[in-house]
Amino acid sequence: MSERIQIALASDANYYVGLLVTAVSMARHADAGVELVFNVLNGGISREKIDRLRDEIGKVHPRMSVRVFSVDEARFSAFPAWHGSGRMAYARLMLPYVLPEEDFVVYCDVDFLLTADISELWRLRRTDVSVQGCLDDCVTTRESESNWYVRQGLTVDITRYFNSGMLIMNLRKFRECGYVHRLMDFLRRYPTVEYADQ
């Protein structure tokens, strides 16, 4: 039986082109022997466009499936909007419950053009950590966030700041530790958080 890679992408209609590019580039470079399961968190993309997404992915990697989960952005209305508008970045918080039967998922923002095999990333997943991501070396962002935490009286290790645009999420650990509720409580308590999508 071939390996199944669980992938999650979140998009509304405004970011459909990014969704298409991210998913198709991921499929194009994936190992032909794996099965790709695209879990699309849909914030208002039409059925016709979802069908096109499925067709375009299938042209480059026939061992795939696309599952679509409707997301009502109003659910996140109490949380800060990214650049004053969208809240689809919060949809990833729902993944442990949207995919209750899965232990892991690779979450990817829809502004990526992949040129490497996603299987290589999938094989790095670990059972002892909740999330795996790439440390972000953006000094300006780190300093700004660090200053915000200091103003709130919170202590964080800013050297562990990572980019949340591509993650391996240990969904089992998220469920066991109640991280989704803790993250949502944090966002309610601190609505002025900077870089809320992170």
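Criteria and thresholds
Residues numbered from 1 in each chain as written. Predicted model: local features only at pLDDT ≥ 70, side-chain atom pairs only at ≥ 80, totals over all residues. Heavy atoms only, no water. Phe/Tyr/Trp six-rings, centres within 6.5 Å; stacked < 30°, edge-to-face > 60°. Helix = DSSP H or I, 4+ residues; strand = E, 2+ residues; numbered from the N terminus. Lys NZ or Arg CZ within 6 Å of the ring centre and 35° of its normal. Buried < 20%, exposed > 50% of the residue type's maximum accessible area, 1.4 Å probe, protein only. Pairing = 2+ DSSP bridges. Axes fitted to C-alpha atoms, helices over the stretch in contact; angles between N-to-C directions. Parallel < 35°, antiparallel > 145°, perpendicular 65-115°, else oblique. Left-handed = near helix turned anticlockwise from the far one by under 90°. Contact = heavy atoms within 4.5 Å. Core = buried A, V, L, I, M, F, W, Y, C linked by side-chain atoms within 4.5 Å. Arc of directions from axis to C-beta. Salt bridge = Lys/Arg side-chain N within 4 Å of Asp/Glu carboxyl O.

(A) A look at the packing of aromatic side chains. Per the stated rule, a full pass over the model turns up eight aromatic pairs. An angle of 70° between the planes, with centres 5.2 Å apart, marks the rings of Phe79 and Tyr90 as edge-to-face. Of this pair, Phe79 sits in the loop between β3 (64-70) and α3 (95-98) while Tyr90 sits in the loop between β3 and α3, and the two are 11 residues apart along the sequence. Aromatic side chains Phe174 and Tyr179 sit 5.4 Å apart centroid to centroid with 80° between the ring planes, which places their arrangement in the edge-to-face category. Here the aromatic cluster, defined as three or more aromatic residues joined through ring pairs, consists of Trp148, Tyr149, Phe186 and Tyr190. The ring of Phe104 has Arg125 sitting right over it, with the charged end atom 5.8 Å from the ring centre.

(B) Structural context of the pairing of strand β1 (residues 4-11). Buried residues dominate β1, accounting for seven of its eight residues. With eight bridges joining them, β1 and strand β2 (residues 35-42) adopt parallel strand pairing. In the strand pairing of β2, Leu9 is matched with Val40. Judged from the three bridges that link them, β1 and strand β4 (residues 104-108) form a sheet pairing that is parallel. Bridge pairing links Ile7 to Val106 in β4.

(C) Fine view of the packing of helix α1 (residues 16-29) against helix α2 (residues 47-60). Packing of α1 against α2 brings their axes to within 8 Å, and their N-to-C directions diverge by 20°. Classified by the angle between their axes, α1 and α2 sit roughly parallel to one another. Of the two possible hands of crossing, α1 and α2 adopt the one that is right-handed. Only Lys49, Arg52, Leu53, Glu56, Ile57 and Val60 of α2 make contact with α1, whose side of the interface consists of Tyr16, Leu19, Leu20, Ala23, Val24, Ala27 and Arg28.

(D) Looking closely at the sheet that holds strand β5 (residues 131-135). The sheet built from six strands is open, its strands ordered β3-β2-β1-β4-β6-β5 with mixed pairing. Each edge of the open sheet carries a strand with a single partner, namely β3 and β5. Ignoring which end each strand starts from, the neighbouring axes of this sheet average 25° apart.

(E) How the structure looks around the nonpolar core. Core analysis: the largest hydrophobic core is formed by 29 residues, its most contacted members being Leu9, Leu19, Leu36, Phe38, Leu53, Ile57 and Ile118. Every element with two or more residues in this core is listed here: β1, α1, β2, α2, β3, β4 and α4 (118-122). Counting residues per element, this core draws most heavily on α1, which supplies seven residues. For Leu19, the contacting residues outside a window of four places in its chain are Leu9, Ser11, Val40, Ile45, Leu53 and Val110. Core analysis: the second largest hydrophobic core is formed by 26 residues, Ala10, Val71, Met94 and Leu171 among them.

(F) Quick peek at helix α7 (residues 179-189). Of all the residues in α7, the buried ones are Val180, Met184 and Leu187. All buried residues of α7 fall inside an arc of 60° around its axis, so they share one side. Exposed residues lying more than 90 degrees from the buried face of α7 are Arg182 and Arg189. The inward-facing, buried residues of α7 contact α3 and α6 (171-177).

(G) Just the pattern of salt bridges, in detail. Tallying each qualifying case throughout the model produces 10 salt bridges. Close ionic contact of Arg67 with Glu101 constitutes a salt bridge, the shortest N to O distance being 3.2 Å. Of the two residues, Arg67 sits in strand β3 while Glu101 sits in the loop between α3 and β4, which places them 34 residues apart along the sequence. Take Glu101: its relative accessible area is 47%, and that puts it in the partly exposed class.

(H) Broad picture of the environment of Arg188. Topologically, Arg188 is positioned in helix α7. Judged by relative accessible area, Arg188 falls into the partly exposed class, the value being 48%. Residues Arg188 and Cys134, spaced 54 residues apart in sequence, show a C-alpha to C-alpha distance of 26 Å.

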